[in-house]
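Observations on chain architecture
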Amino acid sequence: MLSGKSVSLKDMMDCREKRVKMQTKYLLHFQKPIISFCMNIPGPIKTTTEIRKAFDIGCKEIEKALQATKIEILDSTRLHKRTGDEWLLCAKGDATKIKTLMSNIEDFHPLGRLFDIDVIDVDGEKLSRTAFRKCLLCNKQAQVCARFRKHSIFEMQNKIEEILNAFLH
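Just so it is clear, the model here is predicted, and its values are computed rather than measured. (Residues numbered from 1 in each chain as written. Predicted model: local features only at pLDDT ≥ 70, side-chain atom pairs only at ≥ 80, totals over all residues. Heavy atoms only, no water.)

1. Examining the nonpolar core
Ile35, Phe37, Met39, Ile62 and Met102 are the most contacted members of the largest nonpolar core, which has 34 residues in total. If you list the elements that add at least two residues to this core, you get strand E1 (34-39), helix H2 (49-68), strand E3 (84-92), helix H3 (95-108), strand E4 (115-120) and helix H5 (153-168). Of the residues forming this core, the biggest block, 8 residues, is contributed by H2. With sequence-adjacent residues up to four places away left out, isoleucine 35 is seen in contact with Leu66, Trp87, Leu88, Leu89, Ala91, Ile98, Met102, Ile117, Asp118 and Val119. The next biggest cluster of nonpolar side chains, apart from the first, holds 7 residues, and it includes Tyr26, Leu27, Ile34 and Cys90. (Core = buried A, V, L, I, M, F, W, Y, C linked by side-chain atoms within 4.5 Å. Buried < 20%, exposed > 50% of the residue type's maximum accessible area, 1.4 Å probe, protein only. Helix = DSSP H or I, 4+ residues; strand = E, 2+ residues; numbered from the N terminus. Contact = heavy atoms within 4.5 Å.)

As structure tokens, this is what we get:
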């Protein structure tokens, strides 16, 4: 079971509001796509030492993918809070191409299922994936399982620990 400092729903809502403000600031200033990266960790504990290590690996994977396709990072902000680790960056490139790169990281990296990488186009709209994400536990559509609370937080956290341990140790 994940151990660490719990966060409330209000904490998460406040965090989301601050993230949207920062995204809007980047969009207004640069008028280029925004990448918003955080970890997909259900439950009240959003960060641990292992989750932070996985986050740092995700940051490196994003940088590597952008560098390989010569997409320049114009500015970025990394935040490490008890509501979770976040990285917002503004990239000089085509939003659709960036979304494809980020979806590939989520879909094919061993830790990718724990990564939540959104791409926001210059019009402020979040780009959608071409295919749904699979549930950590049953491989059905993750959004459906989440909406109907098909799996317990305990089950989800155990699977997250299993994924982290398999890759980090």
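2. Thoughts on H3
Its 14 residues place the ends of H3 20 Å apart at the C-alpha level, agreeing with the 20 Å of an ideal helix rising 1.5 Å per residue. Taken as a whole, H3 has its buried residues at Ala95, Ile98, Lys99, Leu101, Met102, Ser103, Ile105 and Glu106. Contact partners of the buried residues in H3: E1, H2, E3 and E4. (Expected span 1.5 Å × (residues − 1).)

3. Comments concerning the side chain of glutamate 86
One can find glutamate 86 in strand E3. A distance of 2.8 Å separates a polar atom in the side chain of glutamate 86 from a polar atom in the side chain of arginine 19. (Polar contact = N/O pair within 3.5 Å; in protein donor to acceptor, adjacent residues only side chain to side chain.)

4. Here's the deal with the pairing of strand E2 (residues 72-81)
Note: E2 against E3, 9 bridges, orientation antiparallel. Across the sheet, the residue bridging to serine 76 is leucine 89, located in E3. From the end of E2 to the start of E3, which pair antiparallel, there are 2 residues. (Pairing = 2+ DSSP bridges.)

5. Notes on the pattern of salt bridges
Under the criterion given, the structure shown has 13 salt bridges. Put simply, arginine 19 and glutamate 86 hold a salt bridge, and the shortest N to O gap is 2.8 Å. Here arginine 19 is found in helix H1 (residues 9-30), whereas its partner glutamate 86 is found in strand E3, with 67 residues between them in sequence. Among the residues examined, glutamate 86 registers a relative accessible area of 3% and is labelled buried. Note that lysine 64 and glutamate 61 form a salt bridge whose closest N and O atoms lie 3.2 Å from each other. Of this pair, lysine 64 and glutamate 61 both sit in helix H2, 3 residues apart, which is roughly one turn of the helix. Of the residues examined, lysine 64 reaches a relative accessible area of 48% and is grouped as partly exposed. Bridged by salt links that share partners, the residues Glu106, Asp107, Arg129 and Arg133 form one connected network. (Salt bridge = Lys/Arg side-chain N within 4 Å of Asp/Glu carboxyl O.)

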